[in-house]
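The chain contents come next:
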Amino acid sequence: DAMVIQNPRYQVTQFGKPVTLSCSQTLNHNVMYWYQQKSSQAPKLLFHYYDKDFNNEADTPDNFQSRRPNTSFCFLDIRSPGLGDAAMYLCATKSDIPNNQPQHFGDGTRLSIL
Amino acid sequence: AQSVTQPDIHITVSEGASLELRCNYSYGATPYLFWYVQSPGQGLQLLLKYFSGDTLVQGIKGFEAEFKRSQSSFNLRKPSVHWSDAAEYFCAVVPWKKTSYDKVIFGPGTSLSVIP
């Protein structure tokens, strides 16, 4: 029944070693979001795709990139992870029709940096 | 500045007691309003939402919330808390926009502990 699926649930990488997190959805939603959430904080929006249009938040570090090869999949690439990038990464999807629909979240990927 | 506030960082209640979590927003027009719950190590689950109409909305897991325009508030309530309700609760706002997609503004969250 999972509709927004994030893999892996836990990811460990080394300082500076590129890492990719994945998100897939079965909802056919046209908007997909990536959030970073640190302990005891609210999710922070990194970027989102509206269909194939990429929208970066102004304060998202250049170290973070994203790809959306098709409607169902979206990837978060961290080119050179630093210790400060250890966090939970949440993917969310939304249909923009109608406009008042809520976002649906995956269970997240917890990223640890060694 | 536009913002969402949750005045209580942490609340502890006894199982079976009633609960109210506060949320205030500062936007000119009535935004779309949501409450999400996050259990440890999990993603966010939608509890309920308000767009228009009846100001008292019912959600899942026995939760309800009341929109009060005069107070710019959207407080979450539950008459009898269960131990499984222990989690982080986020109030979220989507400011009304004419564009077909939106940005969700999350409050800082309230952590709920339940004493057996």
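Conventions we followed
- Residues numbered from 1 in each chain as written.
- Chains lettered and ligands numbered in written order.
- Predicted model: local features only at pLDDT ≥ 70, side-chain atom pairs only at ≥ 80, totals over all residues.
- Heavy atoms only, no water.
- Helix = DSSP H or I, 4+ residues; strand = E, 2+ residues; numbered from the N terminus.
- Rg over C-alpha atoms; globule rule 2.2 N^0.38 Å.
- Buried < 20%, exposed > 50% of the residue type's maximum accessible area, 1.4 Å probe, protein only.
- Contact = heavy atoms within 4.5 Å.
- Areas by Shrake-Rupley, 256 points an atom, 1.4 Å probe, with all protein chains shown as cover.
- Lys, Arg positive; Asp, Glu negative; His and termini not counted.
- Charge placed at Lys NZ, Arg CZ, Asp CG, Glu CD.
- 1 Å grid on protein atoms, 1.4 Å probe; cavity = no way out; pocket = protein on both sides within 12 Å on 5 of 7 lines; lining within 4 Å.
- Points joined across faces, edges and corners; volume = space filled by probe spheres on them.
- Nonpolar A, V, L, I, M, F, W, Y, C, P; charged D, E, K, R; others polar.
- Core = buried A, V, L, I, M, F, W, Y, C linked by side-chain atoms within 4.5 Å.
- Buried area = accessible area lost by both parts, 1.4 Å probe.
- Salt bridge = Lys/Arg side-chain N within 4 Å of Asp/Glu carboxyl O.
- Polar contact = N/O pair within 3.5 Å; in protein donor to acceptor, adjacent residues only side chain to side chain.
- Pairing = 2+ DSSP bridges.
- Axes fitted to C-alpha atoms, helices over the stretch in contact; angles between N-to-C directions.

Some points on the overall build of chain B
Helix and strand counts for chain B stand at zero helices and twelve strands. N-terminal to C-terminal, the α/β element order of chain B is β-β-β-β-β-β-β-β-β-β-β-β. Against the compact-globule benchmark of 13 Å for 116 residues, chain B has a radius of gyration of 14 Å, which places it among compact chains. Seen through its principal axes, chain B has C-alpha atoms that stretch 45 × 30 × 25 Å. The burial tally for chain B puts 46% of its 116 residues in the buried class. Looking at chain B alone, contacts between residues at least 24 apart form 53% of all its contacts between residues at least 6 apart. When the accessible surface of chain B is split by element, carbon and sulfur atoms take 52% of a total near 5,600 Å². Between the mean site of the 10 positive side-chain charges and the mean site of the 9 negative ones, chain B shows a separation of 10 Å.

Regarding the layout of surface pockets
It is a probe the size of a water molecule, rolled over the atoms, that shows where empty space is left. As a volume, the largest pocket reaches approximately 430 Å³. Considering the residues around the largest pocket, the lining is formed by 22 residues, among which F105(A), G106(A), D107(A), L44(B) and Q45(B) are closest to the centre. Of all the elements in the fold, those that place two or more residues in the lining of the largest pocket are β1 (4-7) and β10 (104-105) of chain A together with β5 (32-38) and β6 (44-50) of chain B. Across the lining of the largest pocket, the residue classes break down as ten nonpolar, nine polar and three charged. The calculated volume of the second largest pocket comes to roughly 330 Å³. For the second largest pocket, the lining is made up of 18 residues, of which Q37(A), S39(A), S40(A), R110(A) and Q38(B) are closest to its centre. Looking at the lining of the second largest pocket, the elements with two or more residues in it are β9 (87-94) of chain A together with β10 (87-94) of chain B. At three residues, the largest contribution of residues to the lining of the second largest pocket is made by β10(B). Class assignment of the residues belonging to the lining of the second largest pocket gives a composition of six nonpolar, nine polar and three charged.

What about the nonpolar core?
Counting 27 residues, the largest nonpolar core has L19(B), W35(B), L47(B), L48(B), F74(B), L76(B) and Y89(B) as the members making the most contacts within it. With sequence-adjacent residues up to four places away left out, Y89(B) is seen in contact with Q6(B), L21(B), W35(B), Y36(B), V37(B), L47(B), F63(B), L76(B), G109(B), T110(B) and L112(B). Formed by 20 residues, the second largest nonpolar core is a distinct cluster that contains Y35(A), L45(A), L44(B) and F51(B).

Looking at the interface of chain A and chain B
Each partner contributes to the interface: chain A provides 25 residues, whereas chain B provides 22 residues. Between chain A and chain B, the buried area comes to about 1,900 Å², and carbon and sulfur atoms account for 52% of it. Applying the counting rule to chain A against chain B returns zero salt bridges. Our count for the contact surface shared by chain A and chain B stands at four residue pairs in polar contact (both at pLDDT 80 or more). Where the side of chain A that touches chain B is concerned, the elements lending two or more residues are β4 (31-37), β5 (44-50) and β9 of chain A. Among the elements that line the side of chain A that touches chain B, the one with the most residues is β4(A), at four residues. Of the residues assigned to the side of chain A that touches chain B, the class counts are eleven nonpolar, nine polar and five charged.

Notes on the sheet that holds strand β3 (residues 19-25) of chain A
Residue and element names in this part refer to chain A. A sheet is described by the order of its strands in space; here four strands give the open sequence β1-β3-β8-β7, paired in antiparallel fashion. The open sheet terminates on both sides in strands that have one partner only, identified here as β1 and β7 (64-67). For this sheet, the mean angle separating the axes of adjacent strands, direction not counted, is 20°. Relative to strand β8 (residues 73-78), β3 is paired through six bridges, and the arrangement is antiparallel. Bridge pairing in β8 links S24 to F73.

By themselves these figures say nothing about function.
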